[in-house]
Amino acid sequence: MMIDGYALNHRLDDAIQLFEKMPVRDTVSWNSMIKGCLNGGDLITAKKLFDEMPGRNVVSWTTMVNGYLQFGKIEVAERLFFEMPVKDVAAWNSMIYGYLKSGRVDEAVNLFRKMPSRNVISWTSMIDGLDYNGRNDEALIFYKKMVGFGVKLSSNTVSCVLKACANVMALHLGVQTHCQVVKLGFSFDEFICTSLLTFYANCKQMENACKVFNEKLHGNVVIWTALLTGYGLNHKHESALMVFGDMIRMAVLPNQSSFTSALNSCSGLEALDKGKEIHAVSVKLGLGSDVFVGNSLIVMYTVCGSINDAVAAFSNIGEKNVVSWNSIIVGSAKHGQGKLVLTLFSRMIRDEVDPDEISFTGLLSACSHSGMLQKARCFFEYISRYKSTAIKLQHYVCMVDVLSRCGKLEEAEELIKNMKVKPNSIVWLALLSACRMHSNLGVAERAAKSILDLEPNCSAAYVLLSNIYASAGKWSDVSRMRVRMKQAGIVKQLGCSWVTLRGVRHEFVCADRSHPLSEKIYQKLDWLGGKLKEFGYVPDESFALHDVEDEQKQEMLLYHSERLAVAFGLVTTAEGSTITVMKNLRACGDCHSAIKLIAKIVGREIIVRDSTRFHHFRNGMCSCGDYW
């Protein structure tokens, strides 16, 4: 008893001294001492005691096998297992568990088949292990066999089965298992309840998930978090945040996972104000510097347009992991902060954090958004030469984008042709989207053909090529492209911009007059139009992609969706505050020029996020440096 007590309290030296003073040591004493050493992290002493032990029993052997598995020495554990003179079911279960956790699934299956007898733990280990290794369907087959053999289910078995059902969205089998839960009296088991919530959420059955949750008043944070996460998984972010609020009101203290899920929902809603509130709660509960909460804060602030807050959240993380570094690097790249990304990457290397494929994607993306061609070449060469196994399709996309934006269209096309992996439509789209900027119709047509060969109904290819024809004044080709789109049933995505104000999204399309504040919005636009002329603004009619008179083109440009959204922000927010506009497509070049001047006229920062990056407009300048 004293040996066990010392070992449990990490007083291993005291346990060994007491063991050595014992006048008589029985098998139980030896086994306790070996287990204590293993639990204390001392494999060498445990092995020495095992070798010296005069009369080993099956528990001694199994304890030592478990010890080697615990330290990741699967081959030594395997050898010891097969040397065992007598094996009970616990020994077989230990070895099966070890195989499964180390990814040696086929060996675990073979060993399971050789077992002279099996218990519920044997079956549960196989179900859980197969699911853990991505062989979810096989896990469910084992479950059906288990039921067929009449093995009584444990709560742990049911939890593992529900997890496997959730992973493959096996709704029918999961519902049957839920019935078993009720029959076996497991309905109020907290682990089972959590598994059921996750299962129904994964299967898009949030109504049933709520029924499970409402069967009992829960004080367990894990169950609340499962419901919160389920709503987020099903893109019901408003409901997720309501659950988070209810947690606080019910005095259920959120944990790391709760904050992560809530912040993810804030990102989904682009709800910066709500995200800041949740950030404040995390600080009050002492989780402000937690790495998991911090990583979610970086993403939330980045998505909502507040890169400075994202950098501050990154700085506050106590022990940063590779996800922390990747989140801030990728986020800063989206905001066009190229120099900051290079600084962060240098710090990452100095801190001996190994970059991965996401790190390099963020790095190349930053080079693309900031026009750093030579640095991009160096980084791409580094990945190609020294990280040959790490070069991925997304790295090629970034490099093609860098070259294309810098006008190296033929070089970008050649890179695509010589890729080590098969190019997809996204790589060609990166080339095609830059052809309009550099007025290269030949490359554009070849890129569009390659895209449509891979993806015949790609609307983006049709629209981009049509826009390039329009910019070149080739209206007959524009008409031809529109006819082809109509014949193929391809619909152009409608440009839309929006502002989220006090949790409500206000959306606008071109020349939209449906908003209740339309009169004020258009009055503001008319006033801005006069001011813009005073500042020397001349509309760039090449961005009015319709064959109409010049006066109509200018009017079309004046009422683009992003300008309506900016005007809405101006009439609904306090003087001097930042306006954040989101757009589903690339920003219009003429609107980009106009918003730079609008920011100067009204003395505000205006942030516009388009489909590829963020633009921060201040004092007549944009953070992109007009490189986009």
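- Looking up the protein in an unreviewed UniProt entry gives the name DYW domain-containing protein, with the organism given as Gossypium lobatum.
- Looking at the protein in UniProt, the text filed under Sequence similarities (unreviewed entry) is "Belongs to the PPR family. PCMP-H subfamily."

### Some thoughts on the pairing of strand β1 (residues 497-501)
Then comes step 1: The element β1 is largely enclosed, with a buried count of four among its five residues.
Then comes step 2: Relative to strand β2 (residues 504-508), β1 is paired through five bridges, and the arrangement is antiparallel. Along β2, the bridge assignment pairs T500 with R505.
Then comes step 3: Joining the antiparallel neighbours β1 and β2 is a turn of two residues, in which R502 adopts a positive phi near 50°.
Then comes step 4: As paired elements, β1 and strand β3 (residues 579-583) share two bridges and run antiparallel to each other. Residue pairing across strands places W498 opposite M582, the latter belonging to β3.

### Observations concerning unusual backbone geometry
Then comes step 1: Phi is positive for M169, which is not a glycine, with a value near 55°.
Then comes step 2: Tracing the chain through its elements places M169 in the loop between α11 (155-168) and α12 (171-184).
Then comes step 3: A positive phi is found at R502, a non-glycine position, where the angle reads about 50°.
Then comes step 4: Relative to the assigned elements, R502 resides in the loop between β1 and β2.
Then comes step 5: According to the relative accessible area criterion, R502 is exposed, its value standing at 66%.

### Examining the UniProt feature "repeat: PPR" (unreviewed entry) in the protein
Then comes step 1: UniProt feature "repeat: PPR" (unreviewed entry): in the numbering of this structure it lies at residues 26-60, 88-122, 220-254 and 321-355.
Then comes step 2: In this annotation, residues 88-122 is assigned 74% helix and 0% strand; the end-to-end C-alpha distance for the span is 12 Å.
Then comes step 3: Note that residues 321-355 is 74% helix and 0% strand, and that its end C-alpha atoms are spaced 11 Å apart.

### So, the layout of surface pockets
Then comes step 1: In this structure, the second largest pocket occupies an estimated 930 Å³ of space.
Then comes step 2: Every residue lining the second largest pocket is counted, 37 residues in all, and those nearest its centre are E270, A271, L272, D273 and T500.
Then comes step 3: For the lining of the second largest pocket, the elements supplying multiple residues, two or more each, are α16 (237-249), α17 (256-269), α18 (272-284), α20 (307-316), β1, β2, β3 and β5 (614-618).
Then comes step 4: Top element by residues in the lining of the second largest pocket is α18. It accounts for five residues.

### Some thoughts on helix α25 (residues 393-405)
Then comes step 1: Compared with an ideal rise of 1.5 Å per residue, which puts 13 residues at 18 Å, α25 spans 18 Å between its outermost C-alpha atoms and is within 8% of the ideal.
Then comes step 2: Counting buried positions along α25 gives 11 out of 13 residues, so the element sits mostly inside the fold.
Then comes step 3: The complete set of buried residues in α25 reads H395, Y396, V397, C398, M399, V400, D401, V402, L403, S404 and R405.
Then comes step 4: Phi for G407, located one or two positions after α25, is positive at around 85°.

### A look at empty space enclosed by the protein
Then comes step 1: According to the stated counting rule, one finds one cavity of 30 Å³ or more in the structure shown.
Then comes step 2: Computed from the structure, the largest cavity encloses a volume of approximately 30 Å³.
Then comes step 3: E562, A587, C588, C591, H592, I595, V608 and F617 are the residues that line the largest cavity.
Then comes step 4: The element that contributes the greatest number of residues to the lining of the largest cavity is helix α34 (residues 589-602), accounting for three residues.
Then comes step 5: In terms of residue class, the lining of the largest cavity is made up of six nonpolar, one polar and one charged.

Parameters at a glance
- Residues numbered from 1 in each chain as written.
- Predicted model: local features only at pLDDT ≥ 70, side-chain atom pairs only at ≥ 80, totals over all residues.
- Heavy atoms only, no water.
- UniProt positions renumbered as here; feature names shortened; annotations may be inferred.
- Buried < 20%, exposed > 50% of the residue type's maximum accessible area, 1.4 Å probe, protein only.
- Helix = DSSP H or I, 4+ residues; strand = E, 2+ residues; numbered from the N terminus.
- Pairing = 2+ DSSP bridges.
- 1 Å grid on protein atoms, 1.4 Å probe; cavity = no way out; pocket = protein on both sides within 12 Å on 5 of 7 lines; lining within 4 Å.
- Points joined across faces, edges and corners; volume = space filled by probe spheres on them.
- Expected span 1.5 Å × (residues − 1).
- Nonpolar A, V, L, I, M, F, W, Y, C, P; charged D, E, K, R; others polar.

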